[in-house]
Amino acid sequence: MSIRDGPRSGGVSMDEIRVLCVDDDPQWAVKIAELLDRRDVAIDTLSATSASEALEYLADREIDCIVSEYDLPDADGLALLEDARSEVDSIPFLLVTGSGSEAIASEAISAGVTDYVRKADDPERDAALTDAVVDAVEAAQRRRERERQLHAVETAQEGVSILDSSGRFVYVNRAYADLYGYEPAELIGEHWELIYPDDEVATAHEEIIPTVMAEGEWYGETTGLRADGTTFVEAHSLSTTGNGDLICTVRDITDRKERERDLERYETIIEALGDPVYTVGDDGRYTYVNDAYAEMTGYEKDEIVGEPISFLLDDESVERGEATVGSLLSADTEGRQCTYEITIETSDGERIRCEDNVSLLPLADGAYRGVAGVVRDITARTERKRELEEYETILETIPDEAYQLDAEGYITKVVPPSNAEVAMTGHAPAELVGEHVSLIMDEDDIATAEREIESLLDDPDRDHASFEMETITIDGGRVPHENHIAVLPRDEDGRFQGTVGVLRDITDRKERERELKAQNERLERFASIVSHDLRNPLNVAQGRLEQARRTCDCDETHLEEVAWAHDRMGVLIENILTIARDRDPQPDPEPIDLAAIVDDCWDHVDTGTAALRVDTDAVVRADRARLKQLLENLLRNAVDHSDGGPAGPDGDGDRSGVTITVGDLAGGDGFYVADDGPGIPPDERERVFESGYSSDGDGTGLGLAIVERIAAAHGWTATATESVAGGARFELADVDSVGR
């Protein structure tokens, strides 16, 4: 049963402790609770009348201390101690007996009881009992606190170790051991000199340790030595303990130091450039200006920082700046930068017209943080040209993988693509720095690069060059790359300083080129077969037909059918060759009267009884021959797909009633060819331009495919839709060269 249901508040600073009193007399547990209550200790007292009941409590609830009578109904207190410790290791256990003896006391102490107390109706004995319980529970509290602290140290990401007075490790947590590349057990007993380079060891003996001994603590940066021989920069703190031990904490700050060095380099570059540079926060106030910016405006830097941009810019410039930031934030592209003009008003009232090259600062969780800008007096562009050359070189070589070589061809820097840990070659960037470029390029490619570099050096108007090469990977493989190179600015004496370059993997492109080449070869063979094996017999047949007309007394109707078949075969051969070769020459455009060329095409198409209406006076800039082929195909398509179907060799196709109209699109951005025939079903209008598609099965399915290709070659779009009369309408749109 529970003697107290809730915790008590008291002067002892500890969490609530749950004490289990075990005695066959329940009133004894009540007495213990009352004694503890007088001490105003936060203890919840529970009662059990047997060893078995006590073990049930122990299995079901968290117990912090057991106070047990020696004589129990089902076991003695020492047996309960053994069972309890098997359930909860090191649980505080006080053995209390009213009829104890020296033998029991000796046995209890040997068994590991926390304390042994005699029962008695004596205030001094009662005080001793409560003192023993409080001491036991406080010891349990301290033990739990130490366990929590040790767990916190063990799981901390910061490395923690303890050194004895001789400088040897007596404790290291996992983070500390991992930092240096050891197992924790491997460091125990080792001297701290194991994990520091020789020069750091000397510094520690001469400066760091004396400071710790004199002042009790030290904090600074040191260089750690890993088990594999590599080093890193660490934030290091040391403090002494009361017994002469040293507590050490370390944290790897190599990345932070590199960022600091980068920042220092950037700041040095910014100051050395001489260009005014600033940053503005999300509230529109200056957060940084360099010396050049302050000098240009006539103010001190601290007079500008914290002020709104209107402090220096006129109203129009402020509005343009806000509009520019808005456009940058709404841009879908990653290149969030823009150039616009501003007017700066200096401290003496001068107005300077400047060009502001502004970029968004990196967003924080998608939130706008402000902008950075480089300001240039527009009148001073010539003076700034030399200073911008290096930066323009960098901008022109935005990396897939970037590298830099010195004048002798040794690699000085490698930036892998997308912040990868290794370069495209499989090497770590640090492994490549200091190596000659011949490690990743063969002699032929190096020779090509040298020729390109010489060309760049000889021609100051050329700022970069490109060539294809094969990069040698770490495992000896070869990967095709496109190498874009630029020459670094010469030094003050005009000497060549080296090159920068960007490598782009073109494996996929080369594979596509190989596939395209093989495809073209197949198509060329096919075109040759079509051209030779079909055209030659056709020419023979046409010659024999003409001879038959002159010499034979034959039915002219049959000869006309043969002539029609020959013409049909000629059209088929031309269309097949056009599609098969798939390498139409670029159009040679010229101004063409659209109405005149339509009339000319009409004369060369078998139109039967179809009618033509030309409703345009546009002049189209196009390749005459190819525009003629496009129009003839559209006219022939309209005639062949009229209600009566295509005309056959015997002239029995019913083309009566179909009228074809050529006119301008609304807005004058193209023209159309429409008819009043049966039209094209909506679900087939996109398919009609596919090679081989024919709605009636009698055509080649190539005519409209050729129309679309000719349109695309001119930069036009070809669209099939419905005419006003319900027939087919083909629109050739986005024709930039249509005029009146």
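As the structure is a prediction and not an experimental result, all values here were calculated from the model. (Residues numbered from 1 in each chain as written. Predicted model: local features only at pLDDT ≥ 70, side-chain atom pairs only at ≥ 80, totals over all residues. Heavy atoms only, no water.)

A. Region of interest: the packing of aromatic side chains. Evaluation of the coordinates by the stated rule reveals eleven aromatic pairs. Summarising the aromatic geometry, the rings of Tyr299 and Phe311 are spaced 4.8 Å apart at their centres and angled 50° between planes, so their arrangement reads as tilted. Taken together, the residues Tyr299 in the loop between α10 (291–297) and α11 (301–304) and Phe311 in the loop between α11 and α12 (315–330) connect sequence positions twelve residues apart. On the basis of relative accessibility, which here comes to 21%, the residue Tyr299 falls in the partly exposed class. An aromatic cluster is present here, built from Phe169, Tyr176, Tyr180, Trp192, Tyr196 and Phe232 joined pairwise through their rings. It is Arg729 that lies over the ring of Tyr672; its NZ or CZ is 3.9 Å from the centre. (Phe/Tyr/Trp six-rings, centres within 6.5 Å; stacked < 30°, edge-to-face > 60°. Helix = DSSP H or I, 4+ residues; strand = E, 2+ residues; numbered from the N terminus. Buried < 20%, exposed > 50% of the residue type's maximum accessible area, 1.4 Å probe, protein only. Lys NZ or Arg CZ within 6 Å of the ring centre and 35° of its normal.)

B. Structural view of the sheet that holds strand β24 (residues 659–664). Taking strand neighbours across the sheet as the criterion, the five strands line up as β22-β24-β25-β27-β26 in an open arrangement whose pairing is mixed. Since the sheet does not close on itself, it has two edges, and those belong to β22 (611–615) and β26 (717–722), each with one partner. Shown here is a sheet whose adjacent strand axes are inclined to one another by a mean of 15°, direction ignored. Running at roughly 170° to β22, helix α18 (residues 594–603) makes contact with β22, β24 and β25 (670–675) of the sheet. Strands in contact with helix α19 (residues 624–640) are β22, β24, β25 and β27 (728–733); relative to β25, the strand with the most contacts, it is inclined by about 25°. (Pairing = 2+ DSSP bridges. Axes fitted to C-alpha atoms, helices over the stretch in contact; angles between N-to-C directions. Contact = heavy atoms within 4.5 Å.)

C. The arrangement of the environment of Asp315 in detail. Topologically, Asp315 is positioned in helix α12. Linking Asp315 and Ile342, residues 27 residues apart in sequence, is a C-alpha distance of 9.8 Å.

D. The arrangement of the side chain of Thr222 in detail. With respect to the helices and strands, Thr222 occurs in strand β8 (residues 217–225). Within the structure, Thr222 has its side chain in polar contact with the side chain of His236 (distance 3.2 Å). (Polar contact = N/O pair within 3.5 Å; in protein donor to acceptor, adjacent residues only side chain to side chain.)

E. Layout of the sheet that holds strand β2 (residues 43–48). Pairing in this open sheet of five strands is parallel, and the strands run β2-β1-β3-β4-β5 from one edge to the other. Two strands lie at the open edges of the sheet, namely β2 and β5 (115–118), each paired on one side alone. Within this sheet the neighbouring strands show an average axis-to-axis angle of 20°, counted without direction. This element, helix α3 (residues 77–87), spans β1 (17–22), β3 (65–69) and β4 (93–97) of the sheet and lies at about 170° to β4.

F. Representation of the packing of helix α2 (residues 51–60) against α3 in the model. Interaxial distance between α2 and α3 falls to 10 Å at its minimum, and their mutual angle equals 15°. One finds that α2 runs roughly parallel with respect to α3. Note that α2 runs across α3; the crossing there is right-handed. Residue-level contacts link Ala51, Ala54, Leu55 and Leu58 of α2 to Leu80, Asp83, Ala84 and Glu87 of α3. Among the residues making up the contact of α2 with α3, the classes are represented as six nonpolar, no polar and two charged. (Parallel < 35°, antiparallel > 145°, perpendicular 65-115°, else oblique. Left-handed = near helix turned anticlockwise from the far one by under 90°. Nonpolar A, V, L, I, M, F, W, Y, C, P; charged D, E, K, R; others polar.)

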